[in-house]
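# Examination of the molecular architecture
Now for the letters of each chain:
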Amino acid sequence: MKLQKVQKQIFSHRVTHQEAISILFAVLAVFWFFVFFKYHDIQRVQLYGLKFVESNSGWYYKENGAKKYAKLPETIPVDADGFARLYYDVSFVQDTEFSIGFFTNNQIDIVSADDEIIESYTGADFPEWLEVTGKYYHIVTVPQQLATGGKTICIATKSSVAGSSGSFSEIQKGTRSALLVYLVRHNFLRFILATLIFVLSLVLLGIAFIFHKQLGGDHTLRALGYLTILVGCWLLEETFVTQLFYSNPLVHWLFDYLFFITMPITFFYFVEELSGVHKDKGMGILTYVDIAIISLQMILQVFFRMTLPRTMIITHVFLLASFAYVVYFFIREIKQGNIRMKGYLHAVLILIVGSVVELFNYYFCKFETNDVLTLSFLFFFVYLGVQVYQKSLARMQELTDAATYRKLAFIDFSTGVYNRTAYYTYVEKYISRVPRKFCIVIFDMNNLKKINDHYGHLYGDKVIKTFSDCAQKSFGSLGKVYRIGGDEFLSLIREPANEQIQEACVRFEMCIAEQQEVQYKFTVAYGTCIFSAVSVDDFFIGQKTADANMYKMKALMKKEHRIEGFQKVTDIDSVPKDKEND
């Protein structure tokens, strides 16, 4: 019975539009994976020359006149002129020209076939203070006339950085397009991850700047965005793929080194914003020490030609010390009950492990890329980005709620205009160094007590609402309207013009006379005063003057019998009486 019931429910179920789309995507996904794995050996259409081979064997260097074959990547001895030379004998005639690809690390290079130079990257037109510019991938094409049997290809490199002298990477051989594809594929994963981090930085900074008012004084999202964009740019530079977009070596140098040495400062800034602790002595010391290290490195680079790679060990030692203090800082704040720090320690530890692995890679694996740091950065920024974004949303909601409560505290609910508290809060906080022009308009309704006594307070409230609507329509575009008493309203206008005030008064009188909201034709007396204010007392004097002018108008209206003239009611019997208030 239960099975039949279930079957009946299944077959009687009507598929919704969303369910149909989901089923369609699931079927297409299954079909895509089936085709992808089933027919992976199908003949391909090649748009590029994708055939390249690792050409690591056959390269040799000379030591005491004898050939020594290298097992690339390898570090070989340096000749007396400072160049390290690697040779390759072309043993057969090539049908076409071919290209070789290799990496350099803080090195200049000269590639030649016998005595003919094919490439000479020696830092021509470099600034005097710049000797080397970082890591590059070189694709050197050997023309057909030089690719003949009996020719010897020589790659000569030179570096002022001790750790890079004599270092040679693996060498690839193939067409130029094939080597370009190799470069992209060799760093594809790292390039994708670096791109994701860079895009994430733009998203974080966009949210931080668009919603900076809603976030109030919380700059955590902005600080994380600054750190992320620096890391993203640096990681993109480390992929070598940026060489496909711009070839200026000085630009690469800036991205590779300056972005890296400035990352710690933004990291300290982010930790301070994340924790909410802005006066920690340790963080302050680390920040100033890092600024001093950066200044020292730049002075040594520009004035003493001591290149950044040679002084980078200072930054690396500083980073290790900084990591130790940051871990201590996190643990200390968590123990002291800093709820903002909970849940972030493991993300920081993963980032530190990735950084230590990258330092090991920097000193012991000259040309190998390290995806551990990139993955740790991606995890760190995505995790923190989500967490900080969620907390920023909560912060925005708190500020929005606070603003809403503040607004509600300053609103008169029955009329919708500002209340007495809002007016006196503004006035009592007012201070100006120079006199500023204001206009106060005070309104007072005639015979409200008679309306309440005869027709009830509910009807009286409706009359007051109609009265306030006319005041808002007439004066709301010039300034704010406040309810400061039962039937007393006030409009405060900054930098008024006499013509504007007169036109608003005419609009107000017409609105009162022509209103159809209530059947009782009421009248309102009002008085104006234009004055200059530098302090609170000036407002009270202006208010007193406007109040006096209002009473003058009220007396004139009574003398001219305009008050009684507006007491006539049409269809008065249709208006219900509030017997409880009679």
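Before reading on, note that the structure itself is shown above.
Presented here is an overview of the structure given in this document. (Residues numbered from 1 in each chain as written. Predicted model: local features only at pLDDT ≥ 70, side-chain atom pairs only at ≥ 80, totals over all residues. Heavy atoms only, no water.)

## Regarding the overall build of the protein chain
For the record, the criterion: Numbering of helices and strands starts at the N terminus; helices are DSSP runs of H or I of at least 4 residues and strands are runs of E of at least 2. By definition in these notes, contact holds between two residues if any of their heavy atoms fall within 4.5 Å. Per-residue and other accessible areas follow the Shrake-Rupley method at a 1.4 Å probe size, with only the shown protein chains counted as cover for residues.
A tally of helices and strands in the protein chain yields 17 helices and 17 strands. Pairs at least 24 apart in sequence give 76% of the contacts found in the protein chain among residues at least 6 apart. For the protein chain, the exposed surface amounts to about 32,200 Å²; the carbon and sulfur share of it is 61%.

## Here's the deal with the state of the cysteines
Just so we agree on the cut-off: To count as a disulfide, a pair of cysteine sulfur atoms needs to be within 2.5 Å. Here the term buried applies to any residue with accessible area under 20% of the maximum for its type, exposed to any over 50%, and partly exposed to those in between, with areas from a 1.4 Å probe on protein chains only.
All chains considered together, the criterion is met by one disulfide. There is a disulfide in this structure between C470 and C511, and the S-S distance comes to 2.3 Å. As the torsion about the S-S bond is roughly -70°, the C470-C511 disulfide counts as left-handed. Here C511 lies in helix α15 (residues 498–514) and C470 lies in helix α14 (residues 457–475), a separation of 41 residues in the sequence. The cysteine C439 is free of any disulfide, with C529 supplying the nearest cysteine sulfur at 7.4 Å. By relative accessible area, which is 0% here, C439 ends up buried.

## Considering helix α13 (residues 448–455)
Which entries qualify depends on this criterion: What the arc covers is the set of directions going from the helix axis to the C-beta atoms.
Residues L448, I451, N452 and Y455 constitute the buried set of α13. Angular distribution of buried residues about the axis of α13 spans 100°; they occupy a single face of the element. Residues K449 and K450 are exposed on α13 and point more than 90 degrees away from its buried face. Remark: G456 follows α13 within two positions and exhibits a positive phi of approximately 100°.

## Observations concerning α15
Quick note on the threshold: One fewer than the residue count of a helix, multiplied by 1.5 Å, yields its expected span.
Given a rise of 1.5 Å per residue, 17 residues ought to cover 24 Å, and the 24 Å separating the end C-alpha atoms of α15 matches this to within 8%. Of the positions making up α15, those classed as buried are I501, A504, C505, F508, C511 and I512. Down the axis of α15, the smallest arc covering the buried residues is 130°, so these residues share one side. Seen from the buried face of α15, the exposed residues on the opposite side, beyond 90 degrees, are E499, Q502 and E514. Summarising the contacts, the buried residues of α15 are in contact with β14 (436–445), α14, β16 (488–494) and β17 (524–533).

## Focus on the packing of aromatic side chains
Stated precisely, the cut-off is as follows: Note on aromatic pairs: the rings of Phe, Tyr and Trp (six-membered ring only in Trp) are paired at centre separations within 6.5 Å, and the planes decide the class, stacked below 30 degrees, edge-to-face beyond 60, tilted for the rest. Charge-over-ring contacts are defined here by two conditions on Lys NZ or Arg CZ: a distance within 6 Å of the ring centre and an angle within 35 degrees of the ring normal.
Applying the stated rule across the entire model yields 41 aromatic pairs. Ring geometry for Y137 versus Y182: centroids 6.0 Å apart, planes at 40°, classification tilted. Residue Y137 is located in strand β9 (residues 135–142), and its partner Y182 is located in helix α3 (residues 176–186); the two are separated by 45 residues in the primary sequence. Judged on exposure class, the residue Y137 and its partner Y182 are both buried. Measuring from ring centre to ring centre gives 6.3 Å for F443 and F467, while their planes differ by 75°; the resulting arrangement is edge-to-face. Highlighted residues: F443 in strand β14 and F467 in helix α14, separated in sequence by 24 residues. Of the two residues examined, F443 and F467, each falls in the buried class. Members of the aromatic cluster, connected to one another through ring pairs, are F267, F268, F270, F318, F377, F380 and F381. It is K480 that lies over the ring of Y418; its NZ or CZ is 4.9 Å from the centre.

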